[in-house]
Amino acid sequence: MESTTRIQEQVEEKYGSAARAVAESGSVQACCDPGLRCCDPITTNLYSADQTGVIPEKAVLASLGCGNPTALIDLQAGETVLDLGSGGGIDVLLSAKRVGETGKAYGLDMTDDMLALSRENQKQAGVTNVEFLKGEIENIPLPDNSVDVIISNCVINLSADKDRVLREAFRVLRPGGRFAVSDVVVRGSVPEAIRKSMLLWVGCIAGALEESEYIAKLTGAGFEDVTVEPTRVYGVEDARQFLTEAGVDVDAIAPQVNNKFFGAFIRANKPKTVCCQPGCCTPAVAGAKE
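If you're wondering where the values come from, they're calculated on a predicted model, not measured in any experiment.

**Q** Residues and numbers for the packing of aromatic side chains, please.
**A** The geometry of two aromatic rings is summed up by the distance between their centres and the angle between their planes. Throughout the structure, instances matching the rule amount to two aromatic pairs. Seen in terms of ring centroids, F170 and F223 are 5.2 Å apart; in terms of plane orientation they differ by 90 degrees. Their pairing is edge-to-face. Of the two residues, F170 is situated in helix α7 (residues 162-172) and F223 in the loop between α9 (211-220) and β7 (224-234); the sequence distance between them amounts to 53 residues. The class of F170 is buried, set by a relative accessible area of 1%. Classification of F223 by relative accessible area gives buried; the value is 4%. Following the ring pairs from residue to residue traces out a cluster consisting of F170, F179 and F223. The ring of F170 carries K270 above its face, with NZ or CZ at 4.8 Å from the centroid.

In structure tokens, the structure reads:
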């Protein structure tokens, strides 16, 4: 397995390059091989015209997610929202409009180019109840019990330490807070070589969790009411060109791949009452930060 540092470097380079492409030319080549446009079936047609019409075009162009977390979560006026891996800021800006002037939306990203782009998009949108923070999703730079809702768009699968990400998410959520993210998920068993090829296509970093493992990790971090709802299934035909050029026999692997990789909306809640007496629960469930 690659080191955490190496994976972070790969992610930062790929998404930094995407941000620079948008900032400099107003367009973006999707992840993986720019010549293949290999991620188009994943990243396109995720937002409605009503949504894209109220935010800067460059925020839309820089969106490389696999879903639309703002479409499937109820946000209330006055709430505080945190977007993990906020990229060009599309989900932060949409959330800020929904929570209103009495609420706030944070975006967290480790990539300087994305942060610069997102702050420029915020300026153009004229949205004031937004703050973009530099940092890693494994070490969220916010206090305990400080946000009501955590969203994310195809970013947690990029982390090499997902357990820590989920513990950090639990820590910063207020009791009763909601976890509502879009992410890439694998359903069932897939041979490792095929899994790596498909995930390189889907997310550029081969790190998506199997569905039951994702649920177990959320439960282990202290969350309850965990659900996984598929929103877009990726078939082998979507990836045929990429896999063929990578030397994979697409027809041979099709039965082992079809309908097993998908974009999903993952929901969970932090309990309204979290025990805090010595011995009553584990540090992870108590939300203690390492």
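Picking up where we left off.
**Q** Mind laying out helix α6 (residues 112-125), listing which residues take part and the relevant values?
**A** Along its 14 residues, α6 runs 20 Å from first to last C-alpha, staying within 8% of the 20 Å computed at 1.5 Å per residue. Taken residue by residue, α6 has M114, L115, L117, S118, N121 and Q122 as its buried positions. Looking down the long axis of α6, one finds its buried residues gathered within 165 degrees of arc, a one-sided arrangement. Opposite its buried face, α6 presents the exposed residues K123 and Q124, each directed more than 90 degrees away. A positive backbone phi angle near 70 degrees is found at G126, which sits one or two residues after α6.

**Q** Run through the pattern of salt bridges, naming residues and quoting values.
**A** Tallied over the full model, the rule gives nine salt bridges. Ionic pairing is found between R178 and E79, a salt bridge with its closest N-O pair at 2.7 Å. Taken together, the residues span a long stretch of sequence, with R178 in strand β5 (residues 173-186) and E79 in the loop between α4 (57-61) and β1 (80-84) at a distance of 99 residues. Accessibility assignment for this pair places R178 and E79 in one class, buried. The salt bridge involving D112 is made with K134; its shortest N-O contact spans 2.8 Å. Placement of the pair is D112 in helix α6 and K134 in strand β3 (residues 130-134), with a sequence separation of 22 residues. Judged by relative accessible area, which is 44%, D112 ranks as partly exposed. Via salt bridges that share partners, D144, E168 and R171 belong to a single interconnected network.

Analysis parameters
Residues numbered from 1 in each chain as written. Predicted model: local features only at pLDDT ≥ 70, side-chain atom pairs only at ≥ 80, totals over all residues. Heavy atoms only, no water. Phe/Tyr/Trp six-rings, centres within 6.5 Å; stacked < 30°, edge-to-face > 60°. Helix = DSSP H or I, 4+ residues; strand = E, 2+ residues; numbered from the N terminus. Buried < 20%, exposed > 50% of the residue type's maximum accessible area, 1.4 Å probe, protein only. Lys NZ or Arg CZ within 6 Å of the ring centre and 35° of its normal. Expected span 1.5 Å × (residues − 1). Arc of directions from axis to C-beta. Salt bridge = Lys/Arg side-chain N within 4 Å of Asp/Glu carboxyl O.

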